[in-house]
Amino acid sequence: MSIAEGESLPDVTVQIMNDGRPAPVSLREITAGKKVVIFAVPGAFTPTCSQQHLPSFVENAEAIRAKGVDEIMCTSVNDAFVMDAWGKDASAGSIAMVADGNGDLAQALGLEMDGSGFGLGTRSQRYAMVVDDGVVTKLAVEAPGKFEVSSGQAILANL
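How each quantity is defined
Residues numbered from 1 in each chain as written. Predicted model: local features only at pLDDT ≥ 70, side-chain atom pairs only at ≥ 80, totals over all residues. Heavy atoms only, no water. Helix = DSSP H or I, 4+ residues; strand = E, 2+ residues; numbered from the N terminus. Rg over C-alpha atoms; globule rule 2.2 N^0.38 Å. Buried < 20%, exposed > 50% of the residue type's maximum accessible area, 1.4 Å probe, protein only. Contact = heavy atoms within 4.5 Å. Areas by Shrake-Rupley, 256 points an atom, 1.4 Å probe, with all protein chains shown as cover. Pairing = 2+ DSSP bridges. Core = buried A, V, L, I, M, F, W, Y, C linked by side-chain atoms within 4.5 Å. Expected span 1.5 Å × (residues − 1). Bend = angle between axes of the 7 residues up to and from the residue. Arc of directions from axis to C-beta.

### So, the overall build of the protein chain
Working step 1: Counting its regular elements, the protein chain contains 5 helices and 9 strands.
Working step 2: Secondary structure of the protein chain in N-to-C order comes out as β-β-α-β-α-β-α-β-α-β-β-β-β-α.
Working step 3: Taking 2.2 N^0.38 as the reference for a compact globule, 159 residues should give roughly 15 Å; the C-alpha atoms of the protein chain span a radius of gyration of 14 Å, in line with that estimate.
Working step 4: Across its three principal axes, the protein chain shows a C-alpha extent of roughly 40 × 35 × 30 Å.
Working step 5: Taking all 159 residues of the protein chain together, 44% fall into the buried category.
Working step 6: A fraction of 61% describes how many contacts in the protein chain between residues 6 or more apart in sequence connect residues 24 or more apart.
Working step 7: For the protein chain, the exposed surface amounts to about 7,600 Å²; the carbon and sulfur share of it is 46%.

### Considerations on the pairing of strand 2 (residues 21–26)
Within a regular strand, side chains alternate between the sheet's two faces.
Working step 1: Pairing of strand 1 (residues 13–18) with strand 2 involves 6 bridges; the strand directions are antiparallel. Paired with V14 across the bridge in strand 2 is V25.
Working step 2: Once strand 1 ends, the chain turns through 2 residues before running back antiparallel as strand 2, passing D19 with a positive phi of about 55 degrees.

### Description of the nonpolar core
Working step 1: Counting residues in each nonpolar core, the largest one holds 23 residues, and the members touching the most others are F39, F57, I72, W86 and I95.
Working step 2: Among the secondary structure elements, those contributing two or more residues to this core are strand 3 (35–41), helix 2 (47–66), strand 4 (71–76), helix 3 (80–89), strand 5 (96–99), strand 8 (127–132) and helix 5 (152–158).
Working step 3: A per-element tally of this core places helix 2 first, with 5 residues.
Working step 4: When neighbours within four sequence positions are excluded, I95 is seen to be in contact with F39, L54, F57, V58, I72, M73 and C74.
Working step 5: By size, the runner-up hydrophobic cluster in this structure holds 19 residues, among which are A40, V98, L111 and L139.

### A word on the pairing of strand 8
Working step 1: In terms of burial, strand 8 is a largely internal element, 5 of the 6 residues being buried.
Working step 2: Summarising the sheet, strand 3 and strand 8 pair through 6 bridges and their orientation is antiparallel. If you follow V36 over to strand 8, its bridge partner there is V131.
Working step 3: Across 6 bridges, the pairing between strand 8 and strand 9 (residues 135–141) is antiparallel. In the sheet register, A128 faces strand 9, and the bridge partner there is A140.
Working step 4: The antiparallel hairpin formed by strand 8 and strand 9 contains 2 residues in its connecting segment, where D133 sits at a positive phi of about 50 degrees.

### Describing helix 2
Working step 1: Taking 1.5 Å per residue as the helical rise, helix 2 with its 20 residues ought to reach 28 Å, and the 29 Å between its terminal C-alpha atoms agrees with that figure.
Working step 2: Along helix 2, the sharpest kink reaches roughly 60 degrees, centred on N60.
Working step 3: Considered for burial, the residues of helix 2 that qualify are C49, H53, L54, S56, F57, N60, A61 and I64.
Working step 4: Buried-residue contacts for helix 2 involve strand 3, strand 4, helix 3, strand 5, strand 8 and helix 5.
Working step 5: In the segment just after helix 2, G68 is the residue with positive phi, at about 95 degrees.

### Notes on the environment of D89
Working step 1: Within the secondary structure, D89 sits in helix 3.
Working step 2: A relative accessible area of 57% means that D89 is categorised as exposed.

### Some remarks on helix 3
Working step 1: Among the residues of helix 3, A80, M83, W86 and G87 are the ones counted as buried. Angular distribution of buried residues about the axis of helix 3 spans 130 degrees; they occupy a single face of the element. Turned more than 90 degrees away from the buried face of helix 3, the exposed residues are K88 and D89.
Working step 2: Against the buried residues of helix 3 lie strand 1, strand 2, strand 3, helix 2, strand 4 and strand 5.

Structure, rendered in structure tokens:
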């Protein structure tokens with residue numbers, strides 16, 4: 001069963017790059033006291049993720065922040081090195097690239113998917129959520145193969 005609106009984020013350790021090295025951080029700690037948008041993609045550098053999903057948040061970052069959002073985070077079941085390289089490649093400096101290398105976050109949220117048919121193994125479903133002080137206030141999970149409800153534009157419209 002997946003996380004629902006009104007529920008608190010799980011206390012999961014994710015990784016971010018810090019001074020060129022992966023650094024473990026608590027998701028609860030980095031979202032505490034903040035209004036945050038978190039969006040997840042099945043894989044860095046994959047077509048829809050690179051051509052549509054991440055760019056939709058880069059393009060709308062300023063407008064999203066103008067609605068009172070303190071931080072925008074992108075997560076994927078990739079390591080911190082890949083997430084950092086993808087963020088740089090996509091000129092996504094306004095987005096925090098958060099690595100869920102082992103899929104612990106996707107699993108704890110109940111939003112994992114089996115991508116083994118595509119050689120991807122267990123990954124995260126495509127979704128976006130608004131989190132206020134660690135509590136999910138909006139959750140938009142895509143149907144398999146779709147990109148309709150979790151874009152930067154869609155989340156902006158829901159803020």
